[in-house]
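# Commentary on secondary and tertiary structure
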Amino acid sequence: MFFSKKQRLRAQEDERLIQLIEDHKRSLDSQQQLIRRSVEPSEDVLQRKKITDSLYSFLLREARARHATKDNRIK
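Cut-offs and rules
Residues numbered from 1 in each chain as written. Predicted model: local features only at pLDDT ≥ 70, side-chain atom pairs only at ≥ 80, totals over all residues. Heavy atoms only, no water. Helix = DSSP H or I, 4+ residues; strand = E, 2+ residues; numbered from the N terminus. Rg over C-alpha atoms; globule rule 2.2 N^0.38 Å. Buried < 20%, exposed > 50% of the residue type's maximum accessible area, 1.4 Å probe, protein only. Lys, Arg positive; Asp, Glu negative; His and termini not counted. Charge placed at Lys NZ, Arg CZ, Asp CG, Glu CD. Contact = heavy atoms within 4.5 Å. Polar contact = N/O pair within 3.5 Å; in protein donor to acceptor, adjacent residues only side chain to side chain. Salt bridge = Lys/Arg side-chain N within 4 Å of Asp/Glu carboxyl O.

### Considerations on the overall build of the protein
The helix and strand tally for the protein stands at two helices and zero strands. Relative to a compact globule of 75 residues, whose C-alpha radius of gyration would be 11 Å, the protein shows 16 Å and is clearly more extended. Seen along its three principal axes, the alpha-carbon backbone of the protein occupies a region of about 60 × 20 × 15 Å. In the protein, which comprises 75 residues, the share counted as buried stands at 20%. Averaging the coordinates of the 18 positive side-chain charges in the protein and doing the same for the 12 negative ones gives two points 5 Å apart.

What follows is the structure in structure tokens.
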């Protein structure tokens with residue numbers, strides 16, 4: 001009863017975290033394809049890929065620490 005608001009907020013933030021992970025995964029995949037297709041990728045493209053990869057890894061670690069999964073999504 002007293003913790004229902006806290007649980008609801010946690011579930012909403014977990015949902016947002018999962019969505020961020022999915023968005024960054026799509027972005028990372030498209031950047032990797034661009035690099036693979038390029039004959040000589042620019043430094044800017046390589047730097048953006050490293051940043052996206054680092055952010056994606058951080059979000060995955062955060063989701064693991066929070067025990068957030070797609071199965072626990074709000075219905």
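Following the structure, the description resumes.
### Re the environment of T52
Mapping T52 onto the fold places it in helix α2 (residues 43–66). Here T52 falls in the buried class, since its relative accessible area comes to 10%. Along the sequence, T52 and Q33 sit 19 residues apart, while their C-alpha atoms lie 14 Å from each other. Contacts of T52, omitting those with residues within four sequence positions, involve H24, S27, L28 and Q31. Of the polar contacts made by the side chain of T52, one reaches the backbone oxygen of R48; its length is 2.9 Å.

### Here we look at the pattern of salt bridges
Scanning the model with the defined rule gives five salt bridges in all. D29 is the partner of K25 in a salt bridge, and the nearest nitrogen-oxygen pair spans 3.3 Å. Residue K25 and its partner D29 are both found in helix α1 (residues 4–37); the two are separated by four residues, about one turn of the helix. The exposure class of D29 is partly exposed, given its relative accessible area of 28%.

Bear in mind that shape data such as this cannot, by itself, settle questions of function.
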